[in-house]
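Spelled out from the first residue to the last, the chains are:
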Amino acid sequence: MKRTTFTASMLGALGAATVATPQLARAEDAYPSRPITLIVPWGPGGGSDQVGRAVAKNLQDVLKGTSIPVINVPGADGNDGMVRLAGGDADGYTMVIFIADTFVGNITAKTPPAWHLSDITPLAMMNTMPFAYYLSKDSPYKDWASFEKAAKTTQMRVAITGYGSAEDIGTKYFANKGGLKLTQVAFAKPGERYAALLGNQVEVMCDPIGNVSHYVESGQMKPICVWAEKRLGVVPYCPTAHEVGYKVVLEEWRTIAVKAGTDPKNVAFLDRALASAYKTADFQAFLKSSWSDPDSYVAAKDLPAFFAARRKDVDTLIAATH
């Protein structure tokens, strides 16, 4: 799919999703009357899986009596899970996590995915966090400056999620801007990516900052450059990309969506339920422990502007890689 077609399709779908939001109530139409499945289009243990299970737990608490089972449908950079949603019924009983990696991957893809953005109705943004580069504790490099200096003359392998992903185009930008010898190596499964860095199969890894927080806290991994404008309080010693001369701001984000065509009353019900789940003390604690942006939430009505801004960031980054 051409990149312009992808974005136009998405923004059109989002515009249709900004329906009026009635009060959260279940009695009138008895929705939901059975479990609502949440599809995580990525493998167990990664950041999207963690977010999905935190959302499901707190949404279940908010709905009081409706269970939210989580199923992992990994494959094709998140597209297999999106196809599972698009091929089901538009009844509000199946949701999916739609994330930045799939968004960026489909923009850069040379062939169209097996689903269209007009097939989904995004409900709410529940989690955002910037990407970062990490070294292992056994790395011969101690910080970004020493890694960057070596990468100007020595080939460096970079573990990423997949080709065409946000990590991929961001790394191409660093290579082009700094004259760095960086070779991306794709590991779709989070565990394999983390093992590659810790086992010194690659010299550096790119991943969202919060996905590997426990590795950082245990000293097994060290962030050396975060793709943000301002330093993060959780890793105050880590310089930003802007500080080291690379004007890139790129973050992982995760939205919850249902199939397009779902009854607007059910869409509004879920929208308000997700807003309530986001505000719970338990979900706020999850955001803090996972090093997520404490202001991650974006309501459905504001998602068109959010995605338009992210699209502009991606276009700017792609243009800078040539």
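Residues numbered from 1 in each chain as written. Predicted model: local features only at pLDDT ≥ 70, side-chain atom pairs only at ≥ 80, totals over all residues. Heavy atoms only, no water.

As a further point, take the overall build of the chain. When helices and strands are counted, the chain shows eleven helices and ten strands. Against the globule reference of 20 Å for 322 residues, the chain gives a C-alpha radius of gyration of 20 Å, in line with a compact fold. Seen through its C-alpha atoms, the chain measures out along the principal axes to roughly 65 × 40 × 30 Å. Sequence-distant contacts in the chain: of pairs separated by 6 or more residues, those separated by 24 or more amount to 78%. (Helix = DSSP H or I, 4+ residues; strand = E, 2+ residues; numbered from the N terminus. Rg over C-alpha atoms; globule rule 2.2 N^0.38 Å. Contact = heavy atoms within 4.5 Å.)

To continue, consider unusual backbone geometry. Between tyrosine 31 and the following residue, proline 32, the backbone shows a cis peptide bond with an omega angle of 0°. By the secondary structure assignment, proline 32 is in the loop between α1 (3–17) and β1 (37–40).

Another point: the pairing of strand β9 (residues 251–259). The side chains of a regular strand alternate between the sheet's two faces. Within β9, eight of the nine residues are buried, which leaves it mostly tucked inside the rest of the structure. Bridge count between strand β3 (residues 94–99) and β9: five bridges; the pairing is antiparallel. Bridged to methionine 95 within β9 is valine 258. Where strand β4 (residues 120–136) meets β9, nine bridges bridge the pair, whose relative direction is antiparallel. Each residue of the ladder has a partner; that of isoleucine 120, found in β9, is lysine 259. (Buried < 20%, exposed > 50% of the residue type's maximum accessible area, 1.4 Å probe, protein only. Pairing = 2+ DSSP bridges.)

Confidence along the chain averages 89 in pLDDT terms, with 91% of residues attaining 70 or more. Every residue in residues 1–23 is under pLDDT 50, and counting partners more than four places away or in other chains gives 48 contacts. (pLDDT = per-residue confidence, 0-100.)

Further remarks concern the packing of helix α4 (residues 100–108) against helix α11 (residues 303–320). At a closest axis distance of 11 Å, the pairing of α4 and α11 adopts a crossing angle of 55°. In terms of axis orientation, α4 runs oblique to α11. Seen along the crossing, α4 lies across α11 with a hand that is right-handed. Residue-level inspection shows Phe103, Val104, Ile107 and Thr108 of α4 in contact with α11, the latter providing Phe307, Arg310, Arg311, Val314 and Ile318. When the residues that make up the contact of α4 with α11 are grouped by side-chain class, the tally is six nonpolar, one polar and two charged. (Axes fitted to C-alpha atoms, helices over the stretch in contact; angles between N-to-C directions. Parallel < 35°, antiparallel > 145°, perpendicular 65-115°, else oblique. Left-handed = near helix turned anticlockwise from the far one by under 90°. Nonpolar A, V, L, I, M, F, W, Y, C, P; charged D, E, K, R; others polar.)

Counted under the stated rule, the structure contains 13 salt bridges. The salt bridge involving arginine 193 is made with aspartate 207; its shortest N-O contact spans 2.7 Å. Here arginine 193 is found in helix α7 (residues 190–198), whereas its partner aspartate 207 is found in strand β7 (residues 204–208), with 14 residues between them in sequence. Each member of the pair, arginine 193 together with aspartate 207, is buried. Arginine 311 serves as the salt-bridge partner of aspartate 315, at 2.9 Å between the closest nitrogen and oxygen. Residue aspartate 315 and its partner arginine 311 are both found in helix α11; the two are separated by four residues, about one turn of the helix. Residue arginine 311 is classed as buried on the basis of its relative accessible area, which comes to 8%. Taken together, the shared-partner salt bridges connect Lys57, Asp61 and Asp282 into one network. (Salt bridge = Lys/Arg side-chain N within 4 Å of Asp/Glu carboxyl O.)

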